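Okay, here's what each chain looks like letter by letter:
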Amino acid sequence: MGYVDEVLDLVSKRDASQPEFIQAVTEVLNSLRPVVEKNEELYRKNAILERITEPDRQIMFRVPWVDDNGQVQVNRGFRVQFNNAIGPYKGGLRLHPSVNLGIIKFLGFEQIFKNSLTTLPIGGGKGGSDFDPKGKSDREIMAFCQSFMTELAKYIGADIDVPAGDIGTGAREIGFMFGQYKRIKNLYEGVLTGKGLTYGGSLARTQATGYGLLYLTEELIKCHSDNIAGKTVAVSGSGNVAIYAIEKAQQLGAKVVTCSDSTGWIYDESGIDVELLKEVKEVKRARLTEYAAAKPSAQYFEKKNGEHGVWQYKVDVALPCATQNELDIEDAKALVANGVKYVCEGANMPTTIDATEYFQANGVCFVGGKAANAGGVATSALEMSQNSERLSWTFEEVDSKLKKIMVGIYHNIDEAAKEYGMEGNYVAGANIAGFKKVVEAMLAQGVC
Ligand code: NDP
């Protein structure tokens, strides 16, 4: 059995109850085969694959808080510090009832390679809780965030581990957590990113993941002698990534015709009205039915059997921006049958492995989330730089650095794929480029 298969076997047995983690490790290690085969003796001797698939540490803790009825509630908190070979752990905090250790591990594992691709000095980590922010009052959110940070504060710091937002953790939650950290540690430092602008946040961080996704998509299309202007685009989700992906796509001259949330989706032939979407989702925190009620050209469809309705339309570009495994093989077949040419992931692992392979086998240019959504964490690292020098850069400064990073990522993954004879396989290119830098640092630092 080859080294990759041995480690896949080990992980599948050891972490059998963590399907998302096994899925992520399988996808990454399979695409690294050419690199591993070339360096098998060195990697095997240094147990590189065993070490990179086992987190430095996994912290799980109780989060007790009091709801508005005076009832004590208990959630489970997580922080997985996966790998800090190239910099302090960095990765978001997900607040969603589906969160468990396997999901946090899959996200933390992917984060190692994504952070490496940004070219900035950040390691991989991820955290969160099974707490559901939906329907909670501001006071309940604050009570949860303060309790969560009371424990998390023991393990993080500006040079140790710098968490950020993710699903369910936006500016409000980051604010409450930052306040609690400062209070416990009596220390004003850039321990979290995604902060408000009045207390150390970076301009353009809110837009960064969605904008970055479009900068990379634009470059990908350009390098295929094509133009994003005039393209029809399907987007899923209507959260932070989706909203700013829609906004930038439209600024670049494309027409976005779909968006979705966990209960339904919108098809708007005249193009999504992003200001209305922001009003519904960011201000009112309401359902998409309110969008449809305010926009006569929009059709709203309720999800009945967990279907992913946004992928059934005729589009040139598909940008999954909601959550993991939201684009499966049936969706991929529908998109290919409708002539899709480019698929770039705004979310983390939204496309199942068989759907990814289907796109690749059918000539679709497919860029995975590790590369395509790295703009968020890259801008978080720029927020860390600004905090360290106690300065704030202008929106244009941050945005232009973001664009340069995303264009650079595209060329880096393209070249890595070509170097190993896999031209056009951007998934492999991203894994290889991200992996090689981390491994070089791990080898230089000895057994640790
Ligand atoms: P948000 O919480 O802002 O939005 C998530 C969106 O996805 C919402 O529209 C939500 O709908 C929808 N959604 C969540 N779960 C499901 C589900 N099971 N089925 C269908 N729709 C669902 O999160 P973000 O936009 O920040 O994150 C989206 C994705 O992008 C995640 O995979 C995240 O890890 C990834 N990402 C985010 C970055 C960032 O900077 N924010 C950076 C890099 C990656 P509803 O409102 O109904 O819950």
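Residues numbered from 1 in each chain as written. Predicted model: local features only at pLDDT ≥ 70, side-chain atom pairs only at ≥ 80, totals over all residues. Heavy atoms only, no water.

**Some details on the overall build of the chain**
Thought 1: Secondary structure assignment for the chain yields 18 helices and 12 strands.
Thought 2: A globule of 448 residues ought to have a C-alpha radius of gyration of about 22 Å, and the chain, at 21 Å, matches this closely.
Thought 3: The C-alpha extent of the chain, read off along each of the three principal axes, is 65 × 55 × 45 Å.
Thought 4: When each of the 448 residues of the chain is scored for burial, the buried share is 58%.
Thought 5: Once local pairs closer than 6 in sequence are excluded, the contacts in the chain between residues at least 24 apart make up 72%.
Thought 6: Surface accessibility of the chain: about 17,700 Å² in total, with carbon and sulfur atoms responsible for 50%. (Helix = DSSP H or I, 4+ residues; strand = E, 2+ residues; numbered from the N terminus. Rg over C-alpha atoms; globule rule 2.2 N^0.38 Å. Buried < 20%, exposed > 50% of the residue type's maximum accessible area, 1.4 Å probe, protein only. Contact = heavy atoms within 4.5 Å. Areas by Shrake-Rupley, 256 points an atom, 1.4 Å probe, with all protein chains shown as cover.)

**Let's talk about the pattern of salt bridges**
Thought 1: Under the definition given, this model contains 28 salt bridges.
Thought 2: The partner of E173 in a salt bridge is R172, with the nearest N and O atoms 3.1 Å apart. This pair shows no difference in class: E173 is buried, exactly as R172 is.
Thought 3: Note that D226 and K231 form a salt bridge whose closest N and O atoms lie 2.9 Å from each other.
Thought 4: Among the residues examined, D226 registers a relative accessible area of 27% and is labelled partly exposed.
Thought 5: On the basis of relative accessible area, K231 is assigned to the buried category, the value being 11%.
Thought 6: Three or more residues are tied together by salt bridges with common partners; here these are R14, D15, E54 and K105. (Salt bridge = Lys/Arg side-chain N within 4 Å of Asp/Glu carboxyl O.)

**Quick look at unusual backbone geometry**
Thought 1: Although it is not a glycine, T119 sits at a positive phi angle of roughly 75°.
Thought 2: With respect to the helices, strands and loops of the structure, T119 is situated in the loop between α6 (101-117) and β4 (123-129).
Thought 3: Look at S225: it is not a glycine, yet its phi comes out positive at around 50°.
Thought 4: Looking at the secondary structure, you find S225 in the loop between α9 (205-222) and β6 (232-235).

**Structural notes on empty space enclosed by the protein**
Thought 1: Across all of its chains, the model carries 1 cavity of 30 Å³ or more by this definition.
Thought 2: Counted as a void, the largest cavity has a volume near 190 Å³.
Thought 3: The wall of the largest cavity is formed by 19 residues, among which E27, E345, G368, K370 and V427 lie closest to the centre.
Thought 4: Looking at the lining of the largest cavity, the elements with two or more residues in it are α2 (19-31), α14 (353-361), α15 (369-372) and α18 (426-444). (1 Å grid on protein atoms, 1.4 Å probe; cavity = no way out; pocket = protein on both sides within 12 Å on 5 of 7 lines; lining within 4 Å. Points joined across faces, edges and corners; volume = space filled by probe spheres on them.)

**Considering the nonpolar core**
Thought 1: Grouped together as the largest cluster of nonpolar side chains are 107 residues, with contacts concentrated most on L29, F109, L216, Y291, L319, V367 and F435.
Thought 2: Per-element tally for this core: the top contributor is α18, with 10 residues.
Thought 3: When residues of this core are assigned to domains, at least three map to each of domain 1 (55-192) and domain 2 (208-367).
Thought 4: Discounting residues that sit within four places of it in the chain, L319 has contacts with L213, L214, T217, V233, A234, V235, S236, W311 and C344. (Core = buried A, V, L, I, M, F, W, Y, C linked by side-chain atoms within 4.5 Å. Domains from an automatic or database assignment.)

**Some thoughts on the domain arrangement of the chain**
Thought 1: What the domain assignment reports for the chain is domain 1 (55-192) and domain 2 (208-367).
Thought 2: For domain 1 and domain 2, the distance between their C-alpha centres works out to 27 Å.
Thought 3: Across the boundary between the two partners, domain 1 contributes 10 residues, which contact 8 residues of domain 2.
Thought 4: For the domain 1 and domain 2 pair, buried surface summed over both sides reaches about 680 Å², with 42% attributable to carbon and sulfur atoms.
Thought 5: Looking at the side of domain 1 facing domain 2, the largest losses of area belong to F106, K134 and R172, adding up to 47% of the total buried there.
Thought 6: Summed over the shared surface of domain 1 and domain 2, the number is 0 salt bridges.
Thought 7: A per-element tally of the side of domain 1 that touches domain 2 places α6 first, with 4 residues. (Buried area = accessible area lost by both parts, 1.4 Å probe.)

**Notes on the site of the ligand**
Thought 1: Neighbouring the ligand are 27 residues; D166, T209, S262, R287 and N348 lie closest to it.
Thought 2: Interatomic distance of 2.9 Å between a side-chain N/O atom of K134 and an oxygen atom of the ligand.
Thought 3: Contacts to the ligand include N348, whose side-chain N or O atom sits 2.8 Å from an oxygen atom.
Thought 4: In isolation the ligand offers 890 Å² of accessible surface; the protein chains occlude 83% of this area.
Thought 5: Among the residues forming the shell around the ligand, the class breakdown is 5 nonpolar, 13 polar and 9 charged.
Thought 6: Residue-level mapping places the shell around the ligand at the junction of two domains, with at least three residues from each of domain 1 (55-192) and domain 2 (208-367). (Near = heavy atom within 4 Å. Polar contact = N/O pair within 3.5 Å; in protein donor to acceptor, adjacent residues only side chain to side chain. Nonpolar A, V, L, I, M, F, W, Y, C, P; charged D, E, K, R; others polar.)

**With respect to the pairing of strand β8 (residues 264-268)**
Thought 1: With respect to burial, β8 is a largely interior element, 5 of its 5 residues being buried.
Thought 2: Along β8, one buried face is formed by G264, I266 and D268 and the opposite face, lined by W265 and Y267, is buried too.
Thought 3: Looking at chain direction, strand β7 (residues 255-260) and β8 are connected through 3 bridges and run antiparallel. From the neighbouring strand, T258 faces β8, where its bridge partner is Y267.
Thought 4: Taking the residues that link successive antiparallel strands as the turn, the β7-β8 hairpin has 3 residues. (Pairing = 2+ DSSP bridges.)

**Some points on the layout of surface pockets**
Thought 1: By volume, the second largest pocket is sized at about 440 Å³.
Thought 2: What lines the second largest pocket is a set of 23 residues, and nearest its centre among them are G190, M384, Q386, N387 and S388.
Thought 3: Ranked by residue count, the leading element in the lining of the second largest pocket is helix α16 (residues 375-388), at 4 residues.
Thought 4: When grouped by side-chain class, the residues that make up the lining of the second largest pocket number 10 nonpolar, 9 polar and 4 charged.

**Observations regarding the sheet that holds strand β3 (residues 89-95)**
Thought 1: With mixed pairing, the 5 strands of this open sheet are ordered in space as β1-β2-β4-β3-β5. Every interior strand has two partners, whereas the edge strands, β1 (57-66) and β5 (161-164), have only one. Within this sheet the neighbouring strands show an average axis-to-axis angle of 20°, counted without direction.
Thought 2: As paired elements, β3 and β4 share 5 bridges and run parallel to each other. Looking at the pairing, L95 lines up with S129 of β4.
Thought 3: Packed on one face of the sheet, α6 meets β1, β2 (72-83), β3 and β4 and runs near 150° to β4. (Axes fitted to C-alpha atoms, helices over the stretch in contact; angles between N-to-C directions.)

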